[in-house]
Every structure is written in structure tokens, then in C-alpha cells.
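# Geometric and topological summary
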Amino acid sequence: MTDEAVDILIAGGGPVGAALALALEDSGHSVVLAEARSADSREARSADSGGARATDTRGAPAAAGDARAIALSHGSRLILERLRAWQALPVTPITTIHISQQGGFGRTLIRAADCGLPALGYVANYDDLQQSLLAAPCSARRLFGARLTGFDGGKATVQTQQEELAFAPRLMVFADGARIAEAAAPAYSKDYKQTALVAWVKAEQAHQGRAWERFTAEGPLALLPHASGYALVWTASPDRGARLAALDTPAFLAELQASFGSRLGAFIEAGARSAFPLALRYRREESLPHSLCVGNAAQTLHPVAGQGFNLGLRDAWELARLARDAREPGSDSFINAYRRARALDRRASIQFTDSLVGLFSNSDPLLALGRGAGLLALDLLPFARRFAARRMIYGARGLP
Ligand SMILES: Cc1cc2nc3c(=O)[nH]c(=O)nc-3n(C[C@H](O)[C@H](O)[C@H](O)COP(=O)(O)OP(=O)(O)OC[C@H]3O[C@@H](n4cnc5c(N)ncnc54)[C@H](O)[C@@H]3O)c2cc1C
């Protein structure tokens with residue numbers, strides 16, 4: 001079998017790999033994207049849920065495959081618009097974010113108006129996001145049910161249901177999410193010993209565009225406005241997470257009520273729950289030649305600040321920008337230029353997210369006092385609020 005020559009092979013058609021394939025349009029390079037999940041499974045996921053674009057009869061978001069909701073920053077919106085993946089994506093705007101801590105003083109309210117923007121961010125289903133990116137017009141060859149099974153620095157093998165394909169990519173891009181866990185090369189890894197329980201929930205009070213982030217000793221509890229209810233991301237110890245996931249709906253809603261309080265009235269409905277173990281993982285160097293990692297394959301963050309996809313999208317955008325001028329995208333100089341270009345944003349996002357987890361997932365009374373003072377200061381100082389909001393919206397390097 002002869003190896004098929006291709007300029008860029010992307011392994012993984014999750015939201016980041018799919019975005020990269022779109023961003024490489026007009027780069028002058030031939031691109032193949034291999035996604036392990038079959039087209040059937042993607043269609044089945046949206047059919048199961050009554051159609052990815054729809055809300056169900058209760059007004060709940062319809063995706064049932066991955067219950068995760070993704071908060072997209074305004075910066076991501078700008079990129080998705082350019083990729084023509086925004087226009088058909090169902091989203092709920094976030095116009096204010098209320099941040100507080102359980103059992104402590106201090107709270108802050110960040111408003112879109114503080115930043116001169118129509119919204120601080122937008123909430124979308126993970127599945128809808130991936131579908132919109134995979135459905136946008138693209139000349140890359142997109143293979144579904146195609147799993148990367150090997151790459152030795154030169155040759156890549158991809159297994160489809162029918163056959164094994166062999167490619168000789170000039171640049172291999174890992175966008176397969178789990179790669180850090182699987183690869184032999186050293187990666188930094190820290191287990192937060194926390195589980196994120198996600199579900200769609202409905203409360204008596206309508207959200208009016210407000211997101212709630214409440215820090216508890218076990219971790220943050222976030223309620224993001226989503227369709228006619230909220231996307232819940234509830235961080236808890238693994239034991240408690242497993243117990244919450246197994247509760248029947250009334251008992252689950254009662255526990256949520258006890259943890260969040262009555263600001264939104266009673267919680268009255270909950271959709272399917274999924275649990276995600278949380279860890280920080282990132283790769284310092286890619287060990288294989290002619291290859292790069294983007295998105296979760298490069299760094300997996302705690303979801304506390306909703307940074308993971310937004311950061312991964314900036315990886316994809318920057319890589320495509322550099323590739324446009326590159327004659328040899330797999331060369332050392334190209335790979336080093338990419339690493340340099342991404343280093344600051346990556347480091348800042350990892351540190352910001354990790355510090356938030358350390359600072360807020362803690363019951364130390366002194367830290368609680370400091371947190372309260374910090375939230376109060378943020379509330380009183382418009383420039384500090386603007387800084388925090390812009391940092392989350394655009395990343396450390398500013399506008400895309
Ligand atoms: C509970 C939770 C909440 C989150 N909330 C937010 C948020 O609000 N905002 C935000 O920005 N981020 C959020 N994130 C992070 C976000 O989900 C990830 O950063 C994002 O999904 C990364 O996308 P990706 O494409 O890199 O990887 P993935 O989403 O993991 O996709 C990887 C893809 O690769 C495919 N694949 C795997 N192996 C292979 C292979 N060998 N060959 C071919 N294909 C393969 C998989 O099928 C999959 O489609 C959250 C994460 C969690 C767990």
C-alpha cells in the first residue's frame with residue numbers, strides 16, 4: 001500500500017479539530033480530517049434528541065448525546081462567524097454573571113455593558129457546536145468512522161470500517177482530546193479529585209441572560225442560561241458526584257436547591273445527567289516530529305472558567321493563520337513558531353483556571369475572607385471587572 005501524501009492530517013473532528021479544518025480553508029494546503037465517530041452516530045445523536053437545532057417541548061435544549069453545554073466567549077463568536085459556523089448555531093446569550101461564595105461575604109456582578117459588548121458569552125450544546133462546525137462548507141476531506149491508529153513521525157494509519165488507510169502527512173495535528181492521557185511523552189497531570197456533574201435544569205424564575213457562579217468548599221456550582229432553563233455544571237467530590245448522579249429527579253432537585261439556595265425560586269425540572277472527572281493535563285513538548293497538538297489534546301482544563309474550548313479554538317485559529325504563509329507546515333521552524341505564538345495564552349489560561357480552582361475550592365476561613373474581599377473589590381472597581389471580563393473573552397493575547 002502506498003502512503004497518500006497530504007499536507008495536513010487532523011486526527012479528531014471534535015469542536016477544535018473541526019474548527020481547524022474550516023480555518024485552513026484557503027490556506028493552499030491539502031487537508032484530511034479523520035474523526036473516530038461515524039457519521040451515523042452523529043446523526044443518531046441529533047435524531048435521538050429531536051434534532052440538534054431544536055428545543056424540546058419543554059424548551060429544554062435538545063442534544064442528548066453529550067449533556068455538556070459550552071460557554072462560548074465573544075472572541076469565539078468572532079472566530080466562529082468567520083468560519084461560517086455561527087449563523088446556524090443555537091445559543092443563549094449571557095448578559096450578566098453573578099459570582100458569589102457559599103457561606104462567605106462578597107459578591108460581584110459582571111455586566112456585558114461594562115465591556116461594551118452585547119453579551120459576555122453564549123451558551124451552546126457541545127453536540128450542536130460540533131455539528132455546526134462539521135456542517136459548515138469546507139473543502140477538506142472529512143472522514144467519519146475513521147480512527148487514527150498510529151503515527152511514527154512520518155506515516156499515519158487510519159482505520160475505517162472498511163479498510164486501513166495510510167497517509168504521509170507533512171504536518172500531523174492531534175485534535176483527539178484524549179491524546180495526553182494516552183501518549184508516552186511526558187505531560188503534566190494534576191487530578192483535582194473533583195467530578196463535574198452536568199445537566200439541564202429549570203427553575204421557577206426565568207434566567208434573563210444571567211449566569212450564576214457560586215463557589216463552594218467542594219468546588220464551583222455554575223448555572224448558565226440555556227434555552228428556557230439553565231445548564232448546570234456542579235463540581236463535587238467524586239463520591240458526592242456519583243451519589244448526585246444516581247439520585248432520582250426530585251431528590252436531585254432538592255439537593256441542588258439546598259446547595260444553590262432560593263434566588264431562582266424552586267428548581268422544577270432536570271434533564272439527563274453526565275459526570276466528568278476533572279484534571280489539569282498539558283503537554284510541554286510534542287515528542288514526535290512533524291506534529292502538533294491542539295485543543296484538549298494539548299491541554300485539558302477544569303471547566304470552572306469555561307476556558308477549554310475557547311482556548312482550543314484560539315489554538316486552531318492561530319495554527320491556520322501561520323499555515324497560510326508556510327511552505328513547509330511540518331518543519332521545525334513552523335512548529336516552533338506555532339509554539340511561541342501560543343505559549344502566552346496557553347500559560348495564562350492554565351494558570352488562571354488552576355488558581356481559581358485552588359483559591360475557591362477551599363474551606364479555609366482566611367482564604368474565604370480574602371475571596372470575599374476580592375469579590376467586593378471586583379464589584380467596586382469597574383476597571384478590574386473589565387480586565388477580568390476581557391481576559392476571559394479574548395484570552396491573554398487580545399482580539400482574534
Ligand atoms: C463539564 C465540562 C464543561 C465544560 N464547559 C466548557 C465551557 O463552558 N467553555 C469551554 O470553552 N470549554 C468547556 N469545557 C471544555 C471543552 O469541552 C473542551 O475543551 C473541548 O471539548 C475540547 O475540544 P476538542 O475538539 O479538543 O476535544 P474533544 O471535544 O475531546 O473531541 C475530540 C474528538 O476526537 C475524536 N477522537 C478521539 N480519538 C480519536 C482518534 N484516535 N482518531 C480520530 N478521532 C479521534 C473524538 O471522537 C472526538 O470527536 C468543558 C468541559 C467539561 C468536561
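One can find the structure itself at the top, above this paragraph.
The following refers to the structure shown. Quantities reported herein were computed from a predicted structural model and do not represent experimental measurements.

A few words on the sheet that holds strand E3 (residues 69-73). Pairing is antiparallel in the open sheet, where three strands are placed in the order E3-E7-E4. With one partner strand each, in any of the chains shown, E3 and strand E4 (92-94) form the two edges of the open sheet. The sheet shows a mean angle of 30° between the axes of neighbouring strands, direction not considered. Of the pairings in the sheet, the one linking E4 to strand E7 (residues 121-125) comprises three bridges and is antiparallel in character. Residue pairing across strands places threonine 92 opposite valine 123, the latter belonging to E7. Relative to E3, helix H3 (residues 74-82) is tilted by about 90°, and along the sheet it contacts E3 and E7. Its contacts with the sheet place helix H4 (residues 126-135) against E3 and E7, and it is angled at close to 90° to E7.

Despite not being glycine, lysine 193 has its phi angle at roughly 55°, a positive value. Mapped onto the secondary structure, lysine 193 falls in strand E12 (residues 187-203). The class for lysine 193 is partly exposed, based on 13 C-beta atoms found within 10 Å. Positive phi outside glycine occurs at histidine 290, with the angle close to 55°. Turning to its location among the elements, histidine 290 is positioned in the loop between strand E17 (274-283) and strand E18 (291-293).

In this structure, phenylalanine 334 sits in helix H9 (residues 332-360). We classify phenylalanine 334 as buried; it has 21 C-beta atoms within 10 Å. A sequence separation of 15 residues divides phenylalanine 334 from leucine 319, and the C-alpha atoms of the two residues are 9.5 Å apart. Residues contacting phenylalanine 334, with those up to four places away along its chain left out, are Leu322, Ala326, Glu328 and Pro329.

Further remarks concern the packing of helix H1 (residues 15-23) against helix H8 (residues 308-324). At a closest axis distance of 9 Å, the pairing of H1 and H8 adopts a crossing angle of 25°. The angle between H1 and H8 falls in the class roughly parallel. At the point where H1 passes H8, the crossing takes the right-handed sense. Across the interface between the two elements, Pro15, Val16, Ala19, Leu20 and Ala23 of H1 pack against Phe309, Gly312, Leu313, Asp315, Ala316, Trp317, Leu319 and Ala320 of H8. Residues that form the contact of H1 with H8 fall into these classes: eleven nonpolar, one polar and one charged.

Cut-offs applied
- Residues numbered from 1 in each chain as written.
- Predicted model: local features only at pLDDT ≥ 70, side-chain atom pairs only at ≥ 80, totals over all residues.
- Pairing = 2+ DSSP bridges.
- Helix = DSSP H or I, 4+ residues; strand = E, 2+ residues; numbered from the N terminus.
- Axes fitted to C-alpha atoms, helices over the stretch in contact; angles between N-to-C directions.
- Contact = placed C-beta atoms within 7 Å.
- Buried ≥ 20, exposed ≤ 12 C-beta atoms within 10 Å, placed from the backbone.
- Parallel < 35°, antiparallel > 145°, perpendicular 65-115°, else oblique.
- Left-handed = near helix turned anticlockwise from the far one by under 90°.
- Nonpolar A, V, L, I, M, F, W, Y, C, P; charged D, E, K, R; others polar.

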